[in-house]
Protein chains: 2
Amino acid sequence: MSKKPLILVTNDDGITAPGILTLIEVMESLGDVVVVAPDSPQSGMGHAITINNVLHLDKVSKKGDKTLQYSCSGTPADCVKIAINEVLDRRPDLCVSGVNHGSNSSINVIYSGTMSAAVEAGVEGIPAIGFSLLDYSWDADFETAKKYIKQIAKNALNNGIAEGVVLNVNIPSSENTKIKGIKVCRQARANWKEKFDKRQTPQGKDYYWLTGEFVNYDKGNDTDEHALSEGYVSVVPVQFDLTAHHYIQKLNSWQFED
Amino acid sequence: MSKKPLILVTNDDGITAPGILTLIEVMESLGDVVVVAPDSPQSGMGHAITINNVLHLDKVSKKGDKTLQYSCSGTPADCVKIAINEVLDRRPDLCVSGVNHGSNSSINVIYSGTMSAAVEAGVEGIPAIGFSLLDYSWDADFETAKKYIKQIAKNALNNGIAEGVVLNVNIPSSENTKIKGIKVCRQARANWKEKFDKRQTPQGKDYYWLTGEFVNYDKGNDTDEHALSEGYVSVVPVQFDLTAHHYIQKLNSWQFED
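Residues numbered from 1 in each chain as written. Chains lettered and ligands numbered in written order. Predicted model: local features only at pLDDT ≥ 70, side-chain atom pairs only at ≥ 80, totals over all residues. Heavy atoms only, no water.

- Looking at an unreviewed UniProt entry, one finds chain A named 5'-nucleotidase SurE, with Olleya sediminilitoris as its source organism.
- Here is the UniProt Catalytic activity (unreviewed entry) comment for chain A, exactly as written: "a ribonucleoside 5'-phosphate + H2O = a ribonucleoside + phosphate".
- As stated in UniProt under Function (unreviewed entry), the record for chain A gives "Nucleotidase that shows phosphatase activity on nucleoside 5'-monophosphates." (UniProt positions renumbered as here; feature names shortened; annotations may be inferred.)

Shown next, in the form of structure tokens:
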């Protein structure tokens, strides 16, 4: 048995995406790697799980390949569940998800399949990190990102991550930015101003495409949006105890009589 | 124009589910109601949104019906987005989601389509509540739940809900429990111990069904699980700033040198 750490790799863009190939390459320099990733793109899947359909799992690596690789018909969260329960023979020391093609900063964390995989691993008690690059294109430059991915993953392996916390890492696109370093941040208060692009089918029936514009309302200089705009890699610790503890006292003043 | 509050109703079990019919009935006693709900069940969809496909929206209420009703081909989060942007002519005073057929207590909040609709409304700045009944059956008894749904929704309309907070309400099944009242709680630390039921296709290929057992690790008497087990309706304030603020200081001690 290897003494090297065992690292589970997944994503939401599917197992053939350049982003996951980058992540696999970096993780192979840190430990033994097993990949269980969706067989097709799953962007915007949030924390969906497959409960009304069956799951298929196929080994896609060949004999002699350095890294075991499986594709799964499910969502990113499904991939983590099936990896831990059916694929791996021991608990992984780290789960990494990504590198996502596009940002998962700020409020995007709640829509993100990439982050849902990391959160799922966190719920299972496994240190986990989601990585995203602020470049949606399929042939984005992931080369510059590698150094930062390795530094953060190495720290997670050496220091561990507290129970109940996973990391959301976003990396500026090297197309526009010279990366200055890494900053620990909080999630910016921002949202999407949706626009629905209304069209007509050839038969004359209306249908819609969801589009929108990201709006950052948060002027703080300790947010992920601020760090990214200044050319830093943002690291936000994310929790899955969603309780708004500060609001419990207030709710206890509500009157529930008939 | 009516002076009554405008209430948006949605769910994840689909527009024909008994749970949403109950919720519509209760909300009609509190304000003007518009329904935009999925045209098919969306359980376990988490915070999924539809970005790689089109959305269909169909008016299903008839002329003279008390309440405007639309079905949408998307997820619960899509329903809220399209309702606000394409259906409603003013901002709703409240968005309610459910009543879900089955529990969304504790960690289930992250997998829940019901709660994702409430969170989506919250992100848009609209007071929002997700309601769930601890009974998975289609012909569950929603009658007993009505009183508590009305009390909580009325408080939300009268008091408002702070920005950044939505409510996760779970209601014991009246089959097994005499409901004692309402308790404000925190989310219990619990998770699912997955089991994959491995089967074979008629062609001899393996496939899997995700199943599992819910395990509560949290002995606190201030949790939603505890309240529900004692026969109380649980109300958990839920936030969508996922930052683990307490962990930022720790992460700032990590060494990011090469």
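Quick notes on the overall build of chain A
Part 1 of the reasoning: The number of helices and strands found in chain A is 6 helices and 11 strands.
Part 2 of the reasoning: Relative to a compact globule of 258 residues, whose C-alpha radius of gyration would be 18 Å, chain A shows 19 Å and is just as compact.
Part 3 of the reasoning: Overall, the C-alpha framework of chain A stretches about 65 × 55 × 50 Å when taken along its three principal axes.
Part 4 of the reasoning: The buried share of chain A, reckoned over its 258 residues, is 61%.
Part 5 of the reasoning: Taking contacts inside chain A between residues at least 6 apart in sequence as the whole, the part at least 24 apart equals 77%. (Helix = DSSP H or I, 4+ residues; strand = E, 2+ residues; numbered from the N terminus. Rg over C-alpha atoms; globule rule 2.2 N^0.38 Å. Buried < 20%, exposed > 50% of the residue type's maximum accessible area, 1.4 Å probe, protein only. Contact = heavy atoms within 4.5 Å.)

What to know about the relation of the copies chain A and chain B
Part 1 of the reasoning: Superposition record for chain A on chain B: RMSD 0.0 Å, screw rotation 180°, translation along axis 0.0 Å. The symmetry that links the two subunits is that of a two-fold axis.
Part 2 of the reasoning: Comparing interface residues between copies, 100% of those in chain A also sit at the interface in chain B, which points to an isologous, same-surface contact. (Least-squares fit on C-alpha atoms with pLDDT ≥ 70 in both.)

A word on the UniProt feature "domain: Survival protein SurE-like phosphatase/nucleotidase" (unreviewed entry) in chain A
Part 1 of the reasoning: Using the residue numbers shown here, the UniProt feature "domain: Survival protein SurE-like phosphatase/nucleotidase" (unreviewed entry) corresponds to residues 7–194 of chain A.
Part 2 of the reasoning: Here residues 7–194 of chain A runs as 26% helix and 26% strand, with 37 Å between its end C-alpha atoms.

Structural notes on the environment of Glu28 of chain B
Residues and elements named next belong to chain B.
Part 1 of the reasoning: Along the polypeptide, Glu28 turns up in helix H1 (residues 18–28).
Part 2 of the reasoning: Remark: the alpha-carbon pair of Glu28 and Leu6, spanning 22 residues in sequence, is separated by 9.9 Å.
Part 3 of the reasoning: Beyond its immediate chain neighbours, meaning those up to four positions away, Glu28 contacts Val33, Lys66 and Thr67.
Part 4 of the reasoning: For Glu28, the side chain forms a polar contact with the side chain of Thr67, separated by 2.4 Å. (Polar contact = N/O pair within 3.5 Å; in protein donor to acceptor, adjacent residues only side chain to side chain.)

Focus on the sheet that holds strand S3 (residues 57–59) of chain A
Residues and elements named next belong to chain A.
Part 1 of the reasoning: Strand order in the open sheet formed by 9 strands is S3-S4-S2-S1-S5-S6-S7-S11-S8, and the pairing between neighbours is mixed. The outermost strands of the open sheet, each flanked by one partner alone, are S3 and strand S8 (181–184). Each neighbouring strand pair of the sheet contributes to a mean axis angle of 20°, computed without reference to strand direction.
Part 2 of the reasoning: Judged from the 4 bridges that link them, strand S1 (residues 6–10) and strand S5 (residues 94–101) form a sheet pairing that is parallel. Following the sheet pairing, Thr10 is matched in S5 by Ser97.
Part 3 of the reasoning: Packing against the sheet, helix H1 (residues 18–28) makes contact with S1, strand S2 (32–38), strand S4 (68–72), S5 and strand S6 (128–133), and its axis sits at approximately 145° to S5.
Part 4 of the reasoning: Contacts from helix H3 (residues 113–123) reach S1, S5, S6, strand S7 (165–171) and strand S11 (232–239) within the one sheet, and its direction differs from that of S6 by about 170°. (Pairing = 2+ DSSP bridges. Axes fitted to C-alpha atoms, helices over the stretch in contact; angles between N-to-C directions.)

Quick word on the pairing of strand S11 (residues 232–239) of chain B
All names here are of chain B.
Part 1 of the reasoning: Within S11, 8 of the 8 residues are buried, which leaves the element mostly enclosed by the surrounding structure.
Part 2 of the reasoning: Residues Tyr232, Ser234, Val236 and Val238 of S11 are buried on one face, and the alternating residues Val233, Val235, Pro237 and Gln239, pointing to the opposite face, are buried as well.
Part 3 of the reasoning: Note: strand S7 (residues 165–171) against S11, 6 bridges, orientation antiparallel. Directly across from Val166, in S11, lies its bridge partner Val238.
Part 4 of the reasoning: Where strand S8 (residues 181–184) and S11 come together, 4 bridges link them in parallel fashion. Across the sheet, the residue bridging to Ile182 is Val233, located in S11.

Structural notes on the pairing of strand S9 (residues 190–200) of chain B
Residue and element names in this part refer to chain B.
Part 1 of the reasoning: In this sheet, strand S10 (residues 206–216) lies alongside S9 in antiparallel orientation, the contact comprising 11 bridges. Bridge pairing in S10 places Lys198 opposite Tyr208.
Part 2 of the reasoning: Here S9 folds back onto S10 in antiparallel fashion, the turn holding 5 residues, of which Gly204 has a positive phi close to 90°.

A look at the interface of chain A and chain B
Part 1 of the reasoning: Facing 78 residues of chain A, the contacting portion of chain B comprises 78 residues.
Part 2 of the reasoning: Both sides of the chain A and chain B interface together cover about 7200 Å² of buried area, and 61% of this is carbon and sulfur.
Part 3 of the reasoning: The interface formed by chain A and chain B contains 6 salt bridges.
Part 4 of the reasoning: Notably, a salt bridge pairs Arg189 of chain A with Glu163 of chain B, separated by 3.0 Å at the nearest N-O pair.
Part 5 of the reasoning: Where chain A touches chain B, the interface holds 33 residue pairs in polar contact (both at pLDDT 80 or more).
Part 6 of the reasoning: In terms of residues, the side of chain A that touches chain B owes the most to one element, helix H4 (residues 146–159) of chain A, which gives 6 residues.
Part 7 of the reasoning: The residue makeup of the side of chain A that touches chain B, split by class, is 41 nonpolar, 21 polar and 16 charged. (Buried area = accessible area lost by both parts, 1.4 Å probe. Salt bridge = Lys/Arg side-chain N within 4 Å of Asp/Glu carboxyl O. Nonpolar A, V, L, I, M, F, W, Y, C, P; charged D, E, K, R; others polar.)

A closer look at the state of the cysteines
The bond known as a disulfide is covalent and runs between the sulfur atoms of two cysteines.
Part 1 of the reasoning: In this structure the tally under the stated criterion is 0 disulfides over all chains.
Part 2 of the reasoning: A disulfide-free cysteine, Cys72 of chain B has its sulfur positioned 4.2 Å from the sulfur of Cys79 of chain B, the nearest such atom. (Disulfide = S-S within 2.5 Å.)

Quick word on the packing of aromatic side chains
Part 1 of the reasoning: Inspection of every chain in the model, using the stated rule, returns 6 aromatic pairs over all chains.
Part 2 of the reasoning: Lying over the aromatic face of Tyr232 of chain A, Lys183 of chain A brings its terminal NZ or CZ to 4.4 Å of the ring centre. (Phe/Tyr/Trp six-rings, centres within 6.5 Å; stacked < 30°, edge-to-face > 60°. Lys NZ or Arg CZ within 6 Å of the ring centre and 35° of its normal.)

Here we look at the UniProt feature "binding site: a divalent metal cation" (unreviewed entry) in chain A
All names here are of chain A.
Part 1 of the reasoning: UniProt tags Asp12, Asp13, Ser43 and Asn100 as "binding site: a divalent metal cation" (unreviewed entry). The largest pairwise C-alpha distance within this set of annotated residues, which runs over 89 residues, is 9.0 Å, so the set is compact in three dimensions.
Part 2 of the reasoning: Along the chain, Asp12 falls in the loop between S1 and H1.
Part 3 of the reasoning: Apart from residues no more than four positions distant in its own chain, Asp12 is found in contact with Pro38, Ser40, Pro41, Gln42, Ser43, Gly44, Pro76, Asn100, Gly113 and Thr114.
Part 4 of the reasoning: Residue position: Asn100 is located in strand S5.
Part 5 of the reasoning: Not counting residues up to four positions away in its chain, the partners in contact with Asn100 are Asp12, Asp13, Thr114, Phe131, Ser132 and Leu133.
Part 6 of the reasoning: Separated by 2.8 Å, the side chain of Asn100 and the backbone oxygen of Gly102 make a polar contact.

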